[in-house]
Amino acid sequence: VLSHRCAARVGLLVRRLAKLRGSGTALPGLVVERLDPRFLAAALADLPEGVVVITGTNGKTTTTKMVVELLRASGLKVFSNRSGSNFTRGIIAGMLGELDGRGRLNADIAVLELDEAHAIQFVREAPPRYSLLLNITRDQLDRFGEVDYTARLLEKVALATTTGVVLNRDDPLVRRIADTLPAAVERRYFGSGGSVKHLFPDDRHLYGTRPELSPEQDSPDHAADVILSGLSGKSATYSFGDEAQPAIELGMDGVHNALNGAAALSVVRMVLGDRAASDVLLAALGSVGPAFGRGESIDVDGSPLEIVLVKNPSGFRLALRSYADRDAATMIAINDRYADGRDTSWLWDVDFESLSDVEVVSGTRADDMALRLHYDNISVAHVEDSLPAALDTLLAIEGPKRIYCTYTAMMAIRGILASKFNLAGIQ
Amino acid sequence: MTTNSGGLPLRIVHLYPEQMNIYGDTGNVLTMVRRAQWHGYDPEVVVHHPGAPFPDDVDLIVGGGGQDSGQGLVAADLRALGDHIHDLANDGVAMLMVCGLYQLFGQFFETVTGERMDGIGIFDVATYGGPKRLVGNVRSQTQFGEIFGYENHSGLTMLGEGQRPFGEIEMGSGNNGRDRTEGAIYKNVYGTYLHGSVLPKNPRFADALLEAAALRRHGVFTRAPIDDQLAERARSRARQLGV
């Protein structure tokens, strides 16, 4: 086993060689991890403000981006993992570029998005100071088995957290985790209130059987630190404790993203304590644009092309709801690789009736998607398995366009668009 | 949703939609509703929740799979309804039970630690908690031809002597991964591990359920031509999938 510094140097060398060969980013992380299995824990342990971990089924990438921007606006030097590199070795690979001469991470704090599947291994190696638990809904059951199992994974993340845990008050499965925490760990809540409340359907609302809760039944058990109390278009109002803040204009669509904003504000307020300046945080939140493939908009010959990642029923439902009032030529691309989920049953738990018609469906399971739409009586103009051909079909249409896509389809589509348009910001 | 107010009625019961719903089971209900409409019937969906009185005049019952945590509540309610469901089954009511409810329509489910949860014994099958989940694409050969779906279960289901399986496994694990059987049949009651959802991609099976329901209720099943090209495409794609 080499010293931390040595492992870092070897890693940097491998990284340079890998770059010359044009190969991926995981290899240097793997090499470093082999040379020094405690590399990650050691690098993170040195950070003066510790580690913030963000996990949950939906919204991890967007919320991580928000937290990073809020902390940066407050003057901290932040290390964060890039989207998709949720594995420990992906995080290490990302670190190599941010090390100082002594192999130490040149940052005040790390903000890390953790996939539920890798969260346990990570928190065992590097217990976070803070964790933010967003939500638990059905996602890729072929990977995780059952929702209850996912809840136990998040609980383990919370239990490994040393200083404070921020939880979604509106999600019963997340809220319940608070009861298991030791008394010394601070817990805070974010949530929605007022007119925003009814905008969040949970999985149970899908089955059309749950009557709307009366305000008394719905009275929260816990006061929330940050509440999303109003939303009109992109104009969001947050309350800190009981204090309503001035409305801000968000940089992205969707009620779920506005709630992600409440989550980000709450965990940043916990990290900063007395140093938190409300006006700075709100201004920073307003300037955060959509993350990679999460509703980001690309200009194609003067009209917007939106790329919307959909991974599970609740995410797809929220996305359809967010965009329902802005018409666009629609493409849906469904792959069934491991990262997408092999089982496409989840498409049957999404109600597509808000779409009037669909221009093209694509991906390895295009046929399943077309069949799904058929059963909602939605017409599909083209079924085209090949993503490049499907994109050609979509791009030939004038006016606004929107693509709903699973993870590997999103990565492929971005790649194709990058080579077609050579647009800035597209990798 | 379009309705055929002039069509003959069919009453579909969705069993425990809040507890047993995690594998696209609502897709099976939607498929029954749409195909009934396309054949000219006027379907109505009634949900049954634990503790509520069971609906009357039932023509078709659809139920799915759920979390372990929801199973106890559902099992207790189901056992209270056991005699009634036996009567309906013996009277020829069509039923589709997927995954968790397939198990509870059997004799019992025994966990790895030996705890036993009794079912209602429509099928002479017994399910034992297994060491690993059986997960992946499935193709089985049945009286309705090839059936395509996806399985995800840890329970291993063993058929009693004389219990008819629903299909023979051509790809995937099925009841237990050993004897190549998949699901079970009793009269017009079908139990299966396949979701996907199973009915949209297997229209012959879907129509067989509707036919059984319509024949029992109205004495005749009038079949309208349905364009199943998209289902055929999805089936040929499924034929190429690996486990």
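Cut-offs and rules
Residues numbered from 1 in each chain as written. Chains lettered and ligands numbered in written order. Predicted model: local features only at pLDDT ≥ 70, side-chain atom pairs only at ≥ 80, totals over all residues. Heavy atoms only, no water. Helix = DSSP H or I, 4+ residues; strand = E, 2+ residues; numbered from the N terminus. Buried < 20%, exposed > 50% of the residue type's maximum accessible area, 1.4 Å probe, protein only. Contact = heavy atoms within 4.5 Å. Areas by Shrake-Rupley, 256 points an atom, 1.4 Å probe, with all protein chains shown as cover. Buried area = accessible area lost by both parts, 1.4 Å probe. Salt bridge = Lys/Arg side-chain N within 4 Å of Asp/Glu carboxyl O. Pairing = 2+ DSSP bridges. Axes fitted to C-alpha atoms, helices over the stretch in contact; angles between N-to-C directions. Expected span 1.5 Å × (residues − 1). Phe/Tyr/Trp six-rings, centres within 6.5 Å; stacked < 30°, edge-to-face > 60°. Polar contact = N/O pair within 3.5 Å; in protein donor to acceptor, adjacent residues only side chain to side chain. Arc of directions from axis to C-beta. Parallel < 35°, antiparallel > 145°, perpendicular 65-115°, else oblique. Nonpolar A, V, L, I, M, F, W, Y, C, P; charged D, E, K, R; others polar. pLDDT = per-residue confidence, 0-100. Right-handed = clockwise from strand over helix to strand, strands pointing away. Core = buried A, V, L, I, M, F, W, Y, C linked by side-chain atoms within 4.5 Å.

(A) Structural view of the overall build of chain A. What chain A contains, in helices and strands, is 15 helices and 16 strands. Counting only residues that meet the buried cut, chain A has 56% of its 427 residues in that class. Intrachain contacts of chain A at a sequence separation of at least 6 include 72% that bridge at least 24 residues. A total accessible area of about 17,100 Å² is found for chain A, and carbon and sulfur atoms account for 50% of it.

(B) Spotlight on the interface of chain B and chain A. The interface is formed by 39 residues belonging to chain B together with 33 residues belonging to chain A. Across the interface of chain B and chain A, roughly 3,200 Å² is buried in total on both sides, 47% from carbon and sulfur atoms. On the chain B side of the contact with chain A, Glu18(B), Leu230(B) and Arg237(B) bury the most area, a combined 18% of that side's loss. In this assembly, chain B and chain A are joined by 5 salt bridges. Asp368(A) is the salt-bridge partner of Lys201(B), the closest N and O atoms lying 2.7 Å from each other. Sorting the residues of the side of chain B that touches chain A by element identifies helix H1 (25-38), helix H2 (68-90), strand S7 (125-142), strand S8 (145-159), helix H4 (198-201) and helix H6 (229-240) of chain B as the ones contributing at least two each. A per-element tally of the side of chain B that touches chain A places H1(B) first, with 7 residues.

(C) Expanded view of the sheet that holds strand S12 (residues 303-309) of chain A. All names here are of chain A. If you walk across this open sheet you meet the 6 strands as S11-S12-S16-S13-S14-S15, and the pairing is mixed. Of all the strands in the sheet, just strand S11 (294-300) and strand S15 (379-383) have a single pairing partner and so form its edges. Within the sheet, the average angular offset between the axes of one strand and its neighbour, ignoring direction, is 25°. Summarising the sheet, S11 and S12 pair through 6 bridges and their orientation is antiparallel. Counterpart to Arg 294 in the pairing with S12 is Val 308. Each of S11, S12, strand S13 (329-333) and strand S16 (401-405) is contacted by helix H12 (residues 313-323), which is oriented at about 170° to S16, the strand it contacts most.

(D) A look at the environment of Ser235(A). Residues and elements named next belong to chain A. Residue placement: Ser 235 occurs in strand S8 (residues 235-240). Judged by relative accessible area, Ser 235 falls into the partly exposed class, the value being 25%. Considering only alpha carbons, one finds Ser 235 and Leu 250, 15 residues apart in sequence, at a separation of 6.1 Å. Once residues lying within four places of it in the same chain are set aside, the contact partners of Ser 235 are Gly 230, Ala 247, Ile 248 and Glu 249.

(E) Quick peek at helix H5 (residues 203-218) of chain B. All names here are of chain B. Spanning 16 residues, H5 covers 21 Å between terminal C-alpha atoms, matching the ideal 22 Å at 1.5 Å per step. Every buried residue belonging to H5 is among Pro 203, Phe 205, Ala 206, Asp 207, Ala 208, Leu 209, Leu 210, Ala 212, Ala 213 and Ala 214, and all of these are buried. Positive backbone phi, at 80°, marks Gly 219, one or two positions downstream of H5.

(F) Local environment of the packing of aromatic side chains. All names here are of chain B. Across all of its chains, the model carries 17 aromatic pairs over all chains by this definition. Aromatic pair Phe 105 and Phe 123: ring centres 6.4 Å apart, planes at 45°, arrangement tilted. A residue pair is termed long-range when its members are at least 10 positions apart, and Phe 105 in the loop between helix H3 (100-104) and strand S5 (108-110) and Phe 123 in the loop between strand S6 (116-118) and S7 qualify at 18 residues. Given a relative accessible area of 0%, Phe 123 falls into the buried group. On the numbers, 5.2 Å between centres and 70° between planes, the contact of Tyr 190 with Phe 205 is edge-to-face.

(G) The side chain of Thr192(B), seen in detail. Residue and element names in this part refer to chain B. Tracing the chain through its elements places Thr 192 in strand S12 (residues 189-192). Accessibility expressed as a relative area gives 0% for Thr 192, which makes it buried. Side chain to side chain, Thr 192 and Glu 182 meet in a polar contact 2.8 Å long. A polar atom in the side chain of Thr 192 sits 3.0 Å from the backbone nitrogen of Leu 194. Not counting residues up to four positions away in its chain, the partners in contact with Thr 192 are Leu 96, Met 97, Val 98, Cys 99, Tyr 102, Phe 166, Glu 182 and Gly 183.

(H) Structural detail: helix H14 (residues 387-395) of chain A. All names here are of chain A. When we look at burial in H14, the residues that qualify are Leu 387, Ala 390, Leu 391, Leu 394 and Leu 395. All buried residues of H14 project into a common sector of 135° when viewed along the axis, lining one side. Buried residues along H14 sit against S11, S12, S13, strand S14 (357-362), S16 and helix H15 (407-421). Two or three places before Ala 389, at the opening of H14, Ser 386 has a side-chain oxygen 3.3 Å from that residue's backbone nitrogen.

(I) Spotlight on the packing of helix H13 (residues 366-375) of chain A against H1(B). Here H13(A) crosses H1(B) at 60°, and the two axes come no closer than 10 Å. Judged on the interaxial angle alone, H1(B) and H13(A) are oblique. Contacts between H13(A) and H1(B) pair Arg372(A), His374(A) and Tyr375(A) from the former with Leu30(B), Thr31(B), Arg34(B), Arg35(B) and Trp38(B) from the latter. Across the contact of H13(A) with H1(B), the residue classes tally to 3 nonpolar, 2 polar and 3 charged.

(J) How the structure looks around the pattern of salt bridges. Residues and elements named next belong to chain B. One pass over the structure, following the stated rule, counts 30 salt bridges over all chains. Of the charged contacts in the structure, one is a salt bridge between Arg 239 and Glu 146, with a shortest N-O distance of 2.9 Å. Here Arg 239, found in helix H6, pairs with Glu 146, found in strand S8; they are 93 residues apart in sequence, far enough to count as distant. Arg 239 sits in the partly exposed class, given a relative accessible area of 38%. Overlapping salt bridges bring together Arg 35, Asp 207, Glu 211, Arg 223 and Asp 228 as one network.

(K) Representation of the confidence of the model for chain A in the model. Mean pLDDT over chain A works out to 85, with 87% of the residues at or above the 70 mark. Counting contacts from residues 206-219 of chain A, a segment whose pLDDT is below 50, to residues more than four positions away or on other chains yields 15 contacts.

(L) Geometry of the pairing of S15(A). Residue and element names in this part refer to chain A. Taken together, the 4 bridges between S14 and S15 define a ladder with parallel strand orientation. Across the sheet, Val 360 pairs through a bridge with His 382, a residue of S15. Where the polypeptide runs from S14 across H13 and back to S15, its parallel neighbour, the crossover connection is right-handed.

(M) Fine view of the environment of Leu272(A). All names here are of chain A. The topology assignment puts Leu 272 in helix H10 (residues 255-272). By relative accessible area, which is 4% here, Leu 272 ends up buried. Each C-alpha atom, one on Leu 272 and one on Asp 336, is 41 Å from the other, the two residues being 64 residues apart in sequence. Excluding its chain neighbours within four sequence positions, the residues that come into contact with Leu 272 are Leu 71, Ser 74, Leu 76 and Leu 281.

(N) Local environment of the nonpolar core. One finds Ile61(B), Met95(B) and Phe105(B) to be the most contacted residues of the largest nonpolar core, which totals 62 residues. With 8 residues, the single largest contributor to this core is H5(B). Met95(B) has contacts with Ile61(B), Ile85(B), Leu88(B), Ala89(B), Phe105(B), Asn188(B), Val189(B), Tyr190(B) and Leu209(B), leaving out every residue within four places of it along the chain. Counting residues in each nonpolar core, the second largest holds 44 residues, with Leu70(A), Phe190(A), Val271(A) and Leu272(A) among its members.

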